[in-house]
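If you want the building blocks of each chain, they are given just below.
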Amino acid sequence: MKDDILFGPEIDLRSTEYPLILFVGRSNVGKSSIIRLISGKKVRIGKKSGTTVIPIAIFMGSYWIIDMPGIGFSAKHSRSDSFKISKTVIDFIDRHKECAIYSFIIEDISSFPQIYLKLKSKNIEPISLLLFNYLRNFSKYTSIIMNKIDKLRKKERIEQLDFVSKVFGFERWVPRSHLIIPFSAKTKEGYYELKMLIDSFVNKKRKE
Ligand code: GDP
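Computed from a predicted model, the values in this text were never measured in an experiment.

### Some points on the sheet that holds strand E7 (residues 180-182)
Strand-to-strand pairing in sheets goes through backbone hydrogen bonds, with the strands running parallel or antiparallel. The strand order E1-E3-E4-E2-E5-E6-E7 describes an open sheet built from seven strands, whose pairing is mixed. Looking at the sheet topology across the chains shown, the edges are occupied by strand E1 (5-7) and E7. Each strand of the sheet is rotated relative to its neighbour by a mean of 20 degrees, with strand direction disregarded. Of the pairings in the sheet, the one linking strand E6 (residues 141-147) to E7 comprises three bridges and is parallel in character. Within E7, the residue paired with Ile-144 across the bridge is Ile-180. Its contacts with the sheet place helix H4 (residues 127-135) against strand E2 (20-25), strand E5 (101-108) and E6, and it is angled at close to 170 degrees to E5.

As structure tokens, then:
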């Protein structure tokens with residue numbers, strides 16, 4: 001099983017004894033960069049034809065990384081492709097809801113507040129918030145990785161982290177609470193926190 005990589009909308013891991021660590025997010029938030037950092041594999045980078053729209057499962061020896069296709073509308077995909085991608089993600093989660101799922105939603109903290117305010121003025125919920133509320137029902141744990149923190153000035157960070165925490169229903173940002181994780185795939189900030197969190201999920205599953 002070592003080094004197994006599975007591709008395709010129909011991936012079925014229902015019989016696995018290992019936890020599934022799910023990564024979901026809009027396109028361009030840095031999901032591939034984060035998965036490459038954790039897995040050491042360059043699966044979706046280079047965007048091999050077809051791989052941008054299907055889930056990818058990477059076996060890591062004691063857990064599976066599930067790399068979901070970039071969700072939501074983007075310039076890269078047509079509207080019907082975007083709906084197909086959303087359906088693939090929901091179908092995957094639905095099929096695996098009896099598994100030990102741990103979810104990470106990835107956002108880009110340098111653009112999220114503006115996007116959120118723009119959508120709010122149109123009464124639209126951002127896709128990350130919809131995903132968060134959906135995934136919480138099926139996952140043993142759901143966190144939000146706020147990637148691209150390197151783009152913010154030190155002074156802006158706490159203010160922005162408090163802002164996004166409130167959007168996701170928390171009172172404020174709490175360091176090391178592991179609910180909103182400031183991260184940078186570029187500088188590796190947050191990498192050890194994320195690795196340790198994944199290890200704790202894997203160890204918990206072993207003890208069960
Ligand atoms: P994906 O579409 O979500 O898989 O995003 P990619 O991993 O392909 O990254 C999209 C772009 O954001 C690329 O140009 C990356 O180099 C850049 N990027 C990813 N993570 C970071 C980060 O933490 N900081 C900065 N400044 N850029 C990043």
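There's plenty left to go through after this.
### So, the pattern of salt bridges
Within the structure shown, the criterion is met by eight salt bridges. Asp-67 is paired through a salt bridge with Lys-31; the nearest N and O atoms lie 2.6 Å apart. Of the two residues, Asp-67 sits in strand E4 (residues 64-67) while Lys-31 sits in helix H1 (residues 31-39), which places them 36 residues apart along the sequence. Given the relative accessible area of 1%, Asp-67 is considered buried.

### Thoughts on the site of the ligand
Neighbouring the ligand are 16 residues, the closest being Asn-28, Ser-32, Ser-33, Asp-150 and Ala-185. Separating an oxygen atom of the ligand from a side-chain N or O atom of Ser-32 is a distance of 2.6 Å. Here an oxygen atom of the ligand and a side-chain polar atom of Lys-148 are 3.0 Å apart. Expressed as a share of its isolated accessible area of 590 Å², the protein-covered part of the ligand is 74%. The element contributing the most residues to the shell around the ligand is H1, with three residues. Split into classes, the residues belonging to the shell around the ligand amount to two nonpolar, seven polar and seven charged.

### Regarding the pairing of E5
Summarising burial for E5: eight of the eight residues are buried, a large majority. Across the two faces of E5 the burial is the same, with Ile-101, Ser-103, Ile-105 and Glu-107 and Tyr-102, Phe-104, Ile-106 and Asp-108 all buried. Summarising the sheet, E2 and E5 pair through six bridges and their orientation is parallel. Within E5, the residue paired with Gly-25 across the bridge is Ile-106. Of the strand pairs in this sheet, E5 and E6 are connected by seven bridges, and their pairing is parallel. In the strand pairing of E6, Tyr-102 is matched with Tyr-141.

### Considering the side chain of Thr-88
Counting through the fold element by element, Thr-88 comes out in helix H2 (residues 79-95). Beyond its immediate stretch of four places on either side in the chain, Thr-88 contacts Pro-9 and Pro-55.

### Some details on the packing of aromatic side chains
Taken as a whole and judged by the stated rule, the model has 13 aromatic pairs. Relative to Phe-170, the ring of Phe-132 has its centre 6.1 Å away and its plane inclined at 70 degrees; by these criteria the two rings are edge-to-face. Separated by 38 residues along the polypeptide, Phe-132 in helix H4 and Phe-170 in the loop between helix H5 (154-167) and E7 bring together distant segments of the chain. Taking relative accessible area as the criterion, Phe-132 reaches 2% and is therefore assigned buried. On the basis of an interplanar angle of 45 degrees and a centroid distance of 5.2 Å, the ring pair of Tyr-141 and Phe-201 is categorised as tilted. Note that Tyr-141 is positioned in strand E6 and Phe-201 in helix H6 (residues 191-207), a separation of 60 residues in sequence. With a relative accessible area of 4%, Phe-201 lands in the buried category. Grouped by ring-pair contacts, the aromatic residues Phe-112, Tyr-116, Phe-132, Phe-163, Phe-168 and Phe-170 constitute a single cluster.

Here is what the cut-offs are and how they apply
- Residues numbered from 1 in each chain as written.
- Predicted model: local features only at pLDDT ≥ 70, side-chain atom pairs only at ≥ 80, totals over all residues.
- Heavy atoms only, no water.
- Pairing = 2+ DSSP bridges.
- Helix = DSSP H or I, 4+ residues; strand = E, 2+ residues; numbered from the N terminus.
- Axes fitted to C-alpha atoms, helices over the stretch in contact; angles between N-to-C directions.
- Contact = heavy atoms within 4.5 Å.
- Salt bridge = Lys/Arg side-chain N within 4 Å of Asp/Glu carboxyl O.
- Buried < 20%, exposed > 50% of the residue type's maximum accessible area, 1.4 Å probe, protein only.
- Near = heavy atom within 4 Å.
- Polar contact = N/O pair within 3.5 Å; in protein donor to acceptor, adjacent residues only side chain to side chain.
- Areas by Shrake-Rupley, 256 points an atom, 1.4 Å probe, with all protein chains shown as cover.
- Nonpolar A, V, L, I, M, F, W, Y, C, P; charged D, E, K, R; others polar.
- Phe/Tyr/Trp six-rings, centres within 6.5 Å; stacked < 30°, edge-to-face > 60°.

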